[in-house]
Amino acid sequence: MNTAELQSIVAQFRIEGAVAEIKPLGEGFINDTLIVKTEGDAPDYILQRKNHNIFPDVPAMMDNIVAVTGHIRKKVEAAGGDPLREVLTVVFTRDGKPYYIHEGQFWTMCLFIEGSVTYDRADTPALARKGGEGIGKFQSQLADFTTPLAETIKGFHNIRFRFEQWDASLARDAAGRCKELREEISWIESRREEMLAFWSLVENGTIPMRVTHNDTKISNILFDKNGEVLCVIDLDTVMSSTSLNDFGDAIRSYTNTGAEDDRDVNNVAIDMKMFRAYTEGFLSQRKGTLTQSELDWLAFSARYITYEQVLRFLMDYIDGDTYYKTAYAEHNLVRTHAQYALLKSIEEHYDEMCGIVKSL
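Conventions used here
Residues numbered from 1 in each chain as written. Predicted model: local features only at pLDDT ≥ 70, side-chain atom pairs only at ≥ 80, totals over all residues. Heavy atoms only, no water. Helix = DSSP H or I, 4+ residues; strand = E, 2+ residues; numbered from the N terminus. Rg over C-alpha atoms; globule rule 2.2 N^0.38 Å. Buried < 20%, exposed > 50% of the residue type's maximum accessible area, 1.4 Å probe, protein only. Contact = heavy atoms within 4.5 Å. Areas by Shrake-Rupley, 256 points an atom, 1.4 Å probe, with all protein chains shown as cover. Lys, Arg positive; Asp, Glu negative; His and termini not counted. Charge placed at Lys NZ, Arg CZ, Asp CG, Glu CD. Polar contact = N/O pair within 3.5 Å; in protein donor to acceptor, adjacent residues only side chain to side chain. Expected span 1.5 Å × (residues − 1). Axes fitted to C-alpha atoms, helices over the stretch in contact; angles between N-to-C directions. Parallel < 35°, antiparallel > 145°, perpendicular 65-115°, else oblique. Left-handed = near helix turned anticlockwise from the far one by under 90°. Nonpolar A, V, L, I, M, F, W, Y, C, P; charged D, E, K, R; others polar. Salt bridge = Lys/Arg side-chain N within 4 Å of Asp/Glu carboxyl O. 1 Å grid on protein atoms, 1.4 Å probe; cavity = no way out; pocket = protein on both sides within 12 Å on 5 of 7 lines; lining within 4 Å. Points joined across faces, edges and corners; volume = space filled by probe spheres on them. Core = buried A, V, L, I, M, F, W, Y, C linked by side-chain atoms within 4.5 Å. Pairing = 2+ DSSP bridges.

(A) Representation of the overall build of the protein chain. Per the secondary structure count, the protein chain includes 12 helices and 10 strands. Taking 21 Å as the expected radius of gyration for a compact globule of 360 residues, we find that the protein chain reaches 21 Å, a close match to that expectation. Based on the C-alpha atoms only, the size of the protein chain along its principal axes is roughly 60 × 50 × 40 Å. When each of the 360 residues of the protein chain is scored for burial, the buried share is 52%. Across the protein chain, contacts joining residues at least 24 apart in sequence account for 72% of those joining residues at least 6 apart. When the accessible surface of the protein chain is summed, it comes to about 16200 Å², and 49% of that surface belongs to carbon and sulfur atoms. Once the 39 positive and 55 negative side-chain charges of the protein chain are each reduced to a mean point, those two points are 2 Å apart.

This is the structure we're talking about:
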């Protein structure tokens, strides 16, 4: 897309100042992201073209984001904070919408937070603790949020839905690989009832539904230059689910001593120092707004989410590698084995994990 087209799209939004430059920002695996630089003292902005294939209902997604950020903004203002830095600010179009449609593509804009810092990964317990604080703060600010949210990605972290996909995948055996995967398939089947029993607690309300971010990697948290949390960003996947999913997914990514696709499973294990640090940070912000059932199942969520990822990698391998991008023929199988090694390590340390949660 040329500069003139981009400037025309930007002109549809209520921005301050004249546009000086529009250029790409980040790698853009899902959405196309650009930074809009303005002249003088006017603020800069983030412009995104949303991936309509991943998010089929962008208007509903943006309604979610507007509702959630509006709720957080009130909390920040009540606490005497800076709402322009401590919560994502959605910029509306000149006709009052949180998105603009150009040639069938959805474009959105938010305020760029000057002086913010991001990290690609948490490589120390101190940074892991700050990551836990960031997600804990986000969830705590939304603990009393009651507005229904749209389901932007069907069945996300719903293991009952995943098993429906899994059973269909086994029945199809599209790539003819099932006969070679008896051991791996048994990993999934041997834990099926346990995972469904956990999810039934969500379905019957024992574990309450909350606002969840659903992509809790540390790069989705903005920090100030002193290393303190500013706010959580990349809210496209904000939905209603159990808050435990965010905790479990963070533990899966923060604590892994190896790579998600590590060819040597001996490299893969849970780092308990990172687990303690993240849990300390999370509960420092969240403990007072969690129910006892949520606390009781907090550590288990790491088993649940890691198991789900084993299932999804293996299912994609059975399907012929149609969902995840792969770099080589066995990539999804390697991912399956690496994630299973992490799952086994989490299971082995589960009692210790529960003890840490209870001690905090």
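(B) How the structure looks around the environment of R14. By secondary structure assignment, the location of R14 is in the loop between α1 (3-10) and β1 (19-24). Take R14: its relative accessible area is 48%, and that puts it in the partly exposed class. Sequence spacing of R14 and F92 is 78 residues, and the spatial spacing of their C-alpha atoms is 6.1 Å. Sequence-distant contacts of R14, defined by excluding residues within four places in its chain, comprise V91, F92, T93, R94, D95 and G96. From its side chain, R14 meets the backbone oxygen of T93 in a polar contact 3.0 Å long.

(C) Examining helix α11 (residues 331-348) more closely. The end-to-end C-alpha separation of α11 is 26 Å, in line with the 26 Å expected for 18 residues at 1.5 Å each. With 14 of 18 residues buried, α11 is to be regarded as a mostly interior element.

(D) Geometry of the packing of helix α6 (residues 192-203) against helix α10 (residues 300-318). Interaxial distance between α6 and α10 falls to 11 Å at its minimum, and their mutual angle equals 120 degrees. If you check the angle between α6 and α10, you find them oblique. As for the relative orientation of α6 and α10, their crossing is left-handed in sense. Between α6 and α10, the residues in contact are R192, E194, M195, F198 and W199 and F300, R303, Y304 and Y307, respectively. Of the residues in the contact of α6 with α10, the class split is 6 nonpolar, no polar and 3 charged.

(E) Region of interest: the pattern of salt bridges. Tallied over the entire structure, the rule returns 21 salt bridges. A salt bridge links E280 to R129, with the nearest nitrogen and oxygen atoms 3.8 Å apart. Remark: R129 occurs in helix α3 (residues 125-141) and E280 occurs in helix α8 (residues 272-286); sequence separation between them is 151 residues. We classify R129 as partly exposed; its relative accessible area is 29%. For D321, the salt bridge is made with R177, and the minimal N-O distance between the two is 3.2 Å. Of the two residues, D321 is situated in the loop between α10 and α11 and R177 in the loop between α4 (159-172) and α5 (182-189); the sequence distance between them amounts to 144 residues. Across this residue pair, the class does not change: D321 and R177 are buried. Salt bridges here are not isolated pairs; linked through shared partners, they connect R129, K130, E133, E228, R276 and E280.

(F) α4, seen in detail. Helix length check: α4, at 14 residues, gives a terminal C-alpha distance of 20 Å against a target of 20 Å (1.5 Å per residue), a fit within 8%. Where α4 is concerned, the buried positions are I159, F161, R162, F163, W166 and S169. Close packing links the buried residues of α4 with α5, α6 and α10. N-capping of α4 is provided by N158, with a side-chain oxygen placed 3.0 Å from the backbone N of R160. Remark: D173 follows α4 within two positions and exhibits a positive phi of approximately 45 degrees.

(G) Spotlight on empty space enclosed by the protein. In this structure the tally under the stated criterion is 1 cavity of 30 Å³ or more. Looking at the lining of the largest cavity, its residues break down into 9 nonpolar, 3 polar and 2 charged.

(H) Structural context of the environment of M1. Here M1 shows up in the segment before α1. By relative accessible area, M1 is classed as partly exposed at 47%. Considering only alpha carbons, one finds M1 and P125, 124 residues apart in sequence, at a separation of 42 Å. Setting aside chain neighbours within four positions, we find M1 in contact with L6, I9, R49, H102 and W107.

(I) Summary view of the nonpolar core. Grouped together as the largest cluster of nonpolar side chains are 93 residues, with contacts concentrated most on V68, W166 and F275. With near-sequence residues (within four places) excluded, W166 lies in contact with I185, I188, E189, R192, L311, L314, M315 and I318. If you look at the next biggest cluster of nonpolar residues, it comprises 14 residues, including V10, F13, I22 and V36.

(J) Region of the structure containing the pairing of strand β9 (residues 229-232). As judged from the 3 bridges shared by strand β8 (residues 221-223) and β9, these two strands associate in the antiparallel manner. Bridging from a neighbouring strand, F223 pairs with V229 of β9. The loop that links β8 with its antiparallel partner β9 comprises 5 residues; one of these, G227, has a positive phi angle of about 85 degrees.

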